[in-house]
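The residues making up each chain are set out below.
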Amino acid sequence: MNSSRCSKLALAVVVLLATTVGGALAVSASGDVPQSAAVGEKQETQFTFSNPFSGQYNEWTLQGETALTAVTWVVTTYDNTGAQVDTRVLNGQSFEYALDASEGVTRVTVDLTGTTPQVAQWSYEPAQSFTYATFTQTQPGGSATVIQSWDDVRPYTEASQNARTEIEQSERAVQSAAKSGANVAEARDLLANAKHAYNAGEFTLASDLANRAESKANAASSSQRTQRWALIGGAVVLILVVLGGIGWWYWNQRDTYDRLG
């Protein structure tokens, strides 16, 4: 096989791979999803789907799911001039919307409105989370591909957020004290108890235990610094005593030599 034929074959493989990858990842999704959301608060996010028919399917169904409650989806399609083709309001925690290339659709937006759900089980680490939104492309024949999913949104209340903040501050204090060589065993026990209280939803207790752990860690760190300076001071005194002794011996020997002279 000559080099020209090899080059053509390599190019064909690259094109085939590009076509395959392009088909699989044809639909792109974007949306400004929060990292955390207050329990019981209303959430609103618009998701945009570009290039809905640049892949191998001219007809497919867009599916959406969310853990938000009291949900409304507004699905709107646009053509390549930006003109609206269709809009539909759907309710519930999931929806389906059929897309057809013959309608000239080049862009789809989905406006999601819902309420952050209640938390059944709190967890400090890993932090509890819920699925804000998942969108799936369902093709003819039943096969489905997840376009994108936003799964790690952390729900919180004012009390849970305060407790988490206190625990995080306590963790930093304990780590800092431990690096200085201080004994932080008691502080670590209090910190562990604070996390257990958080997991049980006892946020006031968790905050109190975290504050106590931070105080213990700071005290241990201060004590360690005091001991270190005491050791340094003792070493300095010892050095001065030794130098003074050497000086006394030297001058004493000199006086003796002078008298003998």
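Preceding this paragraph is the structure being described.
The rules behind each value
- Residues numbered from 1 in each chain as written.
- Predicted model: local features only at pLDDT ≥ 70, side-chain atom pairs only at ≥ 80, totals over all residues.
- Heavy atoms only, no water.
- Pairing = 2+ DSSP bridges.
- Helix = DSSP H or I, 4+ residues; strand = E, 2+ residues; numbered from the N terminus.
- Axes fitted to C-alpha atoms, helices over the stretch in contact; angles between N-to-C directions.
- Parallel < 35°, antiparallel > 145°, perpendicular 65-115°, else oblique.
- Left-handed = near helix turned anticlockwise from the far one by under 90°.
- Contact = heavy atoms within 4.5 Å.
- Nonpolar A, V, L, I, M, F, W, Y, C, P; charged D, E, K, R; others polar.
- Buried < 20%, exposed > 50% of the residue type's maximum accessible area, 1.4 Å probe, protein only.
- Salt bridge = Lys/Arg side-chain N within 4 Å of Asp/Glu carboxyl O.
- Core = buried A, V, L, I, M, F, W, Y, C linked by side-chain atoms within 4.5 Å.
- Expected span 1.5 Å × (residues − 1).

(A) Broad picture of the sheet that holds strand S9 (residues 133-138). Read from one edge of the open sheet, four strands run S7-S4-S9-S10, paired in antiparallel fashion. Of all the strands in the sheet, the pair left with one neighbour each is strand S7 (94-100) and strand S10 (144-150). Between one strand and the next, the sheet's axes are offset by a mean angle of 20 degrees, whatever the strand orientation. Of the strand pairs in this sheet, strand S4 (residues 59-65) and S7 are connected by seven bridges, and their pairing is antiparallel. Bridge pairing in S7 places Glu65 opposite Ser94.

(B) Structural context of the pairing of strand S3 (residues 42-50). Two strands pair when backbone bridges link them, and strand S1 (residues 28-31) and S3 are joined in this way by four bridges, in the antiparallel orientation. The residue of S3 that forms the bridge with Ala29 is Phe49.

(C) Up close: the packing of helix H2 (residues 158-179) against helix H3 (residues 185-199). Closest axis-to-axis distance for the H2/H3 pair is 10 Å, and the angle between their directions is 160 degrees. One element, H2, and the other, H3, form an angle in the roughly antiparallel class. Considering the relative orientation of H2 and H3, their crossing is left-handed. Along the contact surface, H2 presents Ser160, Ala163, Arg164, Ile167, Ser170, Glu171, Val174 and Ala178, while H3 presents Ala187, Arg188, Leu191, Ala194, Lys195 and Tyr198. Its residues assigned to classes, the contact of H2 with H3 comprises eight nonpolar, two polar and four charged.

(D) Inspection of the environment of Ser30 at higher detail. Among the structural elements, Ser30 can be located in strand S1. Relative accessible area serves as the criterion here: at 39%, Ser30 is assigned to the partly exposed category. In sequence terms Ser30 and Gln46 are 16 residues apart; their C-alpha atoms lie 8.5 Å from each other. If sequence neighbours within four positions are ignored, Ser30 has contacts with Gln46, Phe47, Thr48 and Trp150.

(E) Spotlight on the sheet that holds strand S8 (residues 107-115). Overall, antiparallel pairing links the five strands, which are arranged S1-S3-S8-S5-S6 in an open sheet. Looking at which strands have only one partner, the edges of the open sheet turn out to be S1 and strand S6 (84-91). Mean inter-strand twist for the sheet, computed between neighbouring axes without regard to direction, equals 15 degrees.

(F) Focus on the pattern of salt bridges. Scanning the model with the defined rule gives five salt bridges in all. Across the salt bridge formed by Asp86 and Arg88, the nearest N and O atoms sit 3.5 Å from each other. For Asp86, a relative accessible area of 24% translates into the label partly exposed. A residue is classified by how much of its surface remains accessible, and Arg88, at 37% relative accessible area, is partly exposed. The shortest N-O distance in the salt bridge between Glu125 and Lys195 comes to 3.9 Å. Taken together, the residues span a long stretch of sequence, with Glu125 in the loop between S8 and S9 and Lys195 in helix H3 at a distance of 70 residues. Salt bridges sharing common partners tie together Glu125, Glu171 and Lys195.

(G) Local environment of the environment of Ala200. With respect to the helices and strands, Ala200 occurs in the loop between H3 and helix H4 (203-260). Among the residues examined, Ala200 registers a relative accessible area of 56% and is labelled exposed. The sequence separation of Ala200 and Tyr124 amounts to 76 residues, and the corresponding C-alpha distance is 9.8 Å.

(H) Main features of the nonpolar core. Ranked by size, the top nonpolar core spans 28 residues in total, and within it Phe47, Phe49, Leu62, Phe95, Val110, Tyr132 and Phe135 carry the most contacts. For this core, the secondary structure elements donating two or more residues are S3, S4, strand S5 (69-78), S7, S8, S9 and S10. Beyond its immediate sequence surroundings of up to four residues, Phe47 is in contact with Ser30, Gly31, Val33, Val108, Thr109, Val110, Leu112, Tyr132, Ala133, Phe135 and Trp150. In this structure, Trp122, Ala173, Leu190 and Ala206 belong to the second largest nonpolar core, which totals 24 residues.

(I) Here's a closer look at H2. The end-to-end C-alpha distance of H2 is 32 Å, a good match for the 32 Å that 22 residues give at a rise of 1.5 Å each. What H2 keeps buried is the set Ser160, Ala163, Arg164, Ile167, Ser170, Glu171, Ala173, Val174 and Ala177. Where H2 terminates, the next one or two residues include Gly181, which has phi positive at roughly 95 degrees.

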